[in-house]
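# Chains, contacts and geometry: an overview
Each chain, written out:
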Amino acid sequence: PAEDTVPDGFPFSPPFDPPMDPEKRLAAGEEIKKRGNEMFKEGKLDMAVLKYDKSLRYLDAYPPLEGEGAKASRLACHLNSGMCHLKAERHKQCVQACQRALDIEAGSVKGLFRKGCAHRALGEYEKAVEVLERAAALDGKDDAIKKELARADKELKKFRYG
């Protein structure tokens, strides 16, 4: 596994004795997530995932942060990790990251789309079609979803009927 070698000014996990102020912990999580986004843009996918994981450690340390800001940040970290795994062709990890995002927001079109892409890449065509149909039902105008759904449906039929 990769090691987090990109400094971001924050320890591995938030200090707990004394505990870090919740607002500061949320701000730190956001800052670390931004570093992850920078790593993603540079194509450093493993490093980006490490930053998203670190951001989640700040959000989820006991007691886990509550509120819309923390929820949105958690969702973004899981979705972004899913995208990194998808690009790196780590499809099982993508499915897992997207499922964690969908556990936060069941109607996340990005989460459904990326999870569907990963299922298709794994040869899990039925799951891919099911997930992509849910994404299409939520956003019927997205051409990428339509294309991926058509591709998965075609592969499912080929798999079933030869």
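Residues numbered from 1 in each chain as written. Predicted model: local features only at pLDDT ≥ 70, side-chain atom pairs only at ≥ 80, totals over all residues. Heavy atoms only, no water.

Of note, glutamate 124 is situated in the loop between helix H5 (109–121) and helix H6 (125–138). By relative accessible area, which is 27% here, glutamate 124 ends up partly exposed. Glutamate 124 sits 31 residues away from glutamate 155 along the chain, and the two C-alpha atoms are 9.7 Å apart. (Helix = DSSP H or I, 4+ residues; strand = E, 2+ residues; numbered from the N terminus. Buried < 20%, exposed > 50% of the residue type's maximum accessible area, 1.4 Å probe, protein only.)

The final tally for this structure, using the stated rule, is 2 aromatic pairs. For the pair phenylalanine 10 and tyrosine 58, a centre-to-centre distance of 6.1 Å together with 70 degrees between the ring planes defines the contact as edge-to-face. Here the residue phenylalanine 10 occupies a position in the segment before helix H1 (22–41), and tyrosine 58 occupies one in helix H2 (residues 45–60), the gap between them amounting to 48 residues. For the cation-ring pair, arginine 57 lies above phenylalanine 12, with the distance from its terminal atom to the ring centre recorded as 3.6 Å. (Phe/Tyr/Trp six-rings, centres within 6.5 Å; stacked < 30°, edge-to-face > 60°. Lys NZ or Arg CZ within 6 Å of the ring centre and 35° of its normal.)

Turning our attention to the environment of glutamate 30. By secondary structure assignment, the location of glutamate 30 is in helix H1. When the C-alpha positions of glutamate 30 and leucine 59 are compared, they lie 9.1 Å apart, and in sequence the two are 29 residues distant. The contact partners of glutamate 30, leaving out residues within four places of it in the chain, are Ser55 and Ser73. (Contact = heavy atoms within 4.5 Å.)

Moving on: the packing of helix H3 (residues 68–87) against helix H4 (residues 91–104). Where H3 contacts H4, the two axes come as close as 8 Å, and the packing angle between them is 160 degrees. By the criterion of interaxial angle, the relationship of H3 to H4 is roughly antiparallel. Where H3 crosses over H4, the handedness of that crossing is left-handed. Residues Lys71, Arg74, Leu75, His78, Leu79, Ser81, Gly82, His85 and Leu86 of H3 form the contact with H4, whose participating residues are His91, Gln93, Cys94, Ala97, Cys98, Arg100, Ala101 and Ile104. Its residues placed into classes, the contact of H3 with H4 shows 8 nonpolar, 6 polar and 3 charged. (Axes fitted to C-alpha atoms, helices over the stretch in contact; angles between N-to-C directions. Parallel < 35°, antiparallel > 145°, perpendicular 65-115°, else oblique. Left-handed = near helix turned anticlockwise from the far one by under 90°. Nonpolar A, V, L, I, M, F, W, Y, C, P; charged D, E, K, R; others polar.)

This part is about the state of the cysteines. A full pass over the atoms with the stated rule returns 0 disulfides. Cysteine cysteine 77 is unpaired, with the sulfur of cysteine 84 as its nearest cysteine sulfur at 10 Å. In this structure cysteine 77 comes out as buried when scored by relative accessible area, which is 0%. The thiol sulfur of cysteine 117 is not disulfide-bonded, and the nearest other cysteine sulfur, from cysteine 94, lies at 7.6 Å. The class for cysteine 117 is buried, based on a relative accessible area of 10%. (Disulfide = S-S within 2.5 Å.)

Turning our eyes to something else, we now look at the nonpolar core. One finds Met39, Ala48, Tyr52 and Cys84 to be the most contacted residues of the largest nonpolar core, which totals 13 residues. Listing elements by their share of this core, those giving two or more residues are H2 and H3. Of the residues forming this core, the biggest block, 7 residues, is contributed by H2. Apart from the residues within four sequence positions on either side, tyrosine 52 is in contact with Lys33, Gly36, Asn37, Phe40, Cys77, Asn80, Ser81 and Cys84. Formed by 7 residues, the second largest nonpolar core is a distinct cluster that contains Ala128, Val129, Leu132 and Ala152. (Core = buried A, V, L, I, M, F, W, Y, C linked by side-chain atoms within 4.5 Å.)

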